[in-house]
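Fold and contact review
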Amino acid sequence: MNPALKYLYHKVIDSPKRWRPFLAVYYLTYQCDFRCPYCSNGFGKPYHHLSQEVLPAGAVSEILTRIRRSCDYIVITGGEPLKYPDFGEVMRQVKELRFRDVALNTNGYDVERYLPQIADSVHTLIFSLDTLDEGKADQWFGIGRGAFRKICSNIMQAARLPRKKYRIVLSSVVTPRNIPDLYAVYDFAQINGFTFAACPELRGVKPPPELPGNGAYKDFFDFLVSEKKKGRAIHGTMPYLRHMRDFIRFSCRPFTMLVVDPLGQVFYPCLEIGHVAGNILECEDLHALREHGRKYFGPQLECDTRCHSACALGFSLILHHPLSLAQELFLMSKNSVTRRCIDARIVRREFSEGKGAQS
Ligand code: SF4
Ligand code: SF4
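Residues numbered from 1 in each chain as written. Chains lettered and ligands numbered in written order. Predicted model: local features only at pLDDT ≥ 70, side-chain atom pairs only at ≥ 80, totals over all residues.

**Considerations on the overall build of the chain**
A tally of helices and strands in the chain yields 13 helices and nine strands. Expected size for 359 residues packed as a compact globule is a radius of gyration near 21 Å; at 20 Å, the chain falls within 12% of this value. If one aligns the C-alpha atoms of the chain with their principal axes, the spans along those axes are about 70 × 40 × 40 Å. Burial status across the chain gives 38% buried among its 359 residues. Relative to all contacts within the chain whose residues are 6 or more apart in sequence, the contacts with residues 24 or more apart total 72%. (Helix = DSSP H or I, 4+ residues; strand = E, 2+ residues; numbered from the N terminus. Rg over C-alpha atoms; globule rule 2.2 N^0.38 Å. Buried ≥ 20, exposed ≤ 12 C-beta atoms within 10 Å, placed from the backbone. Contact = placed C-beta atoms within 7 Å.)

Following this line, the structure appears as structure tokens:
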């Protein structure tokens, strides 16, 4: 089913007997050497506290093949997905499967080792970056000094690579401890032509008590809304940014997604609730998996105010606020004009500084 028909399907029909996801989120491994203070799954556990078991490359390849039969879009995430021992082979496989869009989430530390394979396979390369304060960043990563510099160097190497097909997104977690730092991360993204994305810290499914009603938090999202209106590259529609800002309750649509853990287990209805409907290696019929989940765990219930994360909120809002998509397309076209103006200003400045003649 093509994406437009799938959209209409979810908007109009959304049968409880069918599972037709837009997007798969595949947790390739929960392994990660970092120790970010906000690291949390839906139950508040850091990913490095979960099972560190991974499947061999052949089984991962089978999972990807089965995912591809029902999803055009995939996010490969973790933990840190580049910790998967045969990550290069995974990249080769996703390329062969010809997804419409492959997004890769990474902390960026090992990116230089796989850059050619990533450049060949990934359309959206998402680096986590929460501050430009080197000392604070290294302390948060928890693996010793030098990590921040290595990550920044990898980001710039990824940006300069010729013949890449990905766009770069810098993704920040907004916590009570880094809000003032985020303006510099945003500027760094804009200057380099990256998209900026921000999500609140979630402990389990809820923000820490210091965020809702926090003036600095609200000001930052107001800043993003006003920048977005100018056509800057910021992830999310206007309603999305306002829901993030005010922690507005939304009606979740978890069956727009298929979330698979490192061993192939399929979450029902979502990772956050954490029921497992079955293993995609044993049953690739998603309708049967949904039916199985419904039988054992009951139908999807309406949740309270929670889960202000990119996927859960994003899909709910594009289904409930379709006009925001039109606005997003308009702002994207504005962004490409803005980007060309910024590029022209940089080129003019480089020529006036004599750099243009050297390059
Ligand atoms: S990089 Fe991601 S998975 Fe690793 S500790 Fe930080 S938040 Fe957790
Ligand atoms: S809001 Fe959505 S993602 Fe969060 S627990 Fe409820 S169904 Fe799951």
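Now that the structure has been shown, the text picks up again.
**Quick look at the domain arrangement of the chain**
In terms of domain boundaries, the chain breaks down into domain 1 (3-321) and domain 2 (325-359). Here the C-alpha centroids of domain 1 and domain 2 sit 28 Å apart. (Domains from an automatic or database assignment.)

**A look at the site of ligand 2**
What surrounds ligand 2 is the set Val-205, Cys-252, Pro-254, Pro-269, Cys-270, Glu-272, Ile-273, Cys-303, Arg-306, Cys-307 and Ala-312. The residue makeup of the shell around ligand 2, split by class, is nine nonpolar, no polar and two charged. (Near = placed C-beta within 6 Å. Nonpolar A, V, L, I, M, F, W, Y, C, P; charged D, E, K, R; others polar.)

**A short note on the site of ligand 1**
Close to ligand 1 lie Cys-32, Phe-34, Arg-35, Cys-36, Cys-39, Pro-46, Tyr-47, Gly-78, Gly-79, Glu-80, Asn-107 and Ser-128, which account for all nearby residues. Looking at side-chain class alone, the shell around ligand 1 contains six nonpolar, four polar and two charged residues.

**A short note on the pairing of strand 3 (residues 101-106)**
Summarising burial for strand 3: five of the six residues are buried, a large majority. Two strands pair when backbone bridges link them, and strand 2 (residues 73-78) and strand 3 are joined in this way by four bridges, in the parallel orientation. Within strand 3, the residue paired with Tyr-73 across the bridge is Asp-101. As a crossover connection, the stretch from strand 2 through helix 3 (residues 87-96) into strand 3 is right-handed. Where strand 3 meets strand 4 (residues 124-128), four bridges bridge the pair, whose relative direction is parallel. Each bridged residue has a counterpart across the sheet, and for Leu-104 the counterpart in strand 4 is Leu-125. Note on the crossover from strand 3 through helix 4 (residues 111-121) to strand 4: the handedness is right-handed. (Pairing = 2+ DSSP bridges. Right-handed = clockwise from strand over helix to strand, strands pointing away.)

**Topic: helix 2 (residues 57-70)**
Here helix 2 spans 21 Å end to end across 14 residues, near enough to the 20 Å set by a 1.5 Å rise per residue. Buried positions along helix 2 lie against strand 1 (23-29), strand 2, helix 3 and strand 7 (257-260). (Expected span 1.5 Å × (residues − 1).)

**Description of unusual backbone geometry**
Glycine aside, a negative phi is what most residues show, and trans is what most peptide bonds show. The linkage connecting Tyr-268 with the following residue, Pro-269, adopts the cis geometry, with an omega of -15°. With a phi close to 50°, Phe-247 is a non-glycine residue in the positive phi region. The residue Phe-247 is located in the loop between helix 9 (238-246) and strand 7 in this model.

**Let's talk about the nonpolar core**
Ranked by size, the top nonpolar core spans 90 residues in total, and within it Ala-24, Tyr-26, Ile-67, Ile-74, Leu-258 and Val-260 carry the most contacts. In this view, Val-260 contacts Ala-24, Tyr-26, Tyr-27, Ile-63, Ile-67, Gln-265, Val-266 and Ile-280; residues no more than four positions away in its chain are not counted. (Core = buried A, V, L, I, M, F, W, Y, C linked by C-beta atoms within 7 Å.)

**Side note on the confidence of the model for the chain**
In the predicted model, the chain carries a mean pLDDT of 91, and the fraction of residues at 70 or more is 92%. Predicted confidence for residues 346-351 stays below pLDDT 50, and this span has four contacts to residues more than four positions away or in other chains. In this model residues 353-359 is a low-confidence stretch, pLDDT under 50, and it forms four contacts with partners more than four residues away in sequence or in other chains. (pLDDT = per-residue confidence, 0-100.)

**Structural notes on the packing of helix 2 against helix 3**
Relative orientation of the contacting elements helix 2 and helix 3 amounts to 25°, with a least axis distance of 10 Å. Taken together, the axes of helix 2 and helix 3 are roughly parallel relative to one another. For the pair helix 2 and helix 3, the sense of crossing is right-handed. Contacts between helix 2 and helix 3 involve Ala-57, Val-60, Ser-61 and Leu-64 from the first element and Glu-89, Val-90, Gln-93 and Val-94 from the second. (Axes fitted to C-alpha atoms, helices over the stretch in contact; angles between N-to-C directions. Parallel < 35°, antiparallel > 145°, perpendicular 65-115°, else oblique. Left-handed = near helix turned anticlockwise from the far one by under 90°.)

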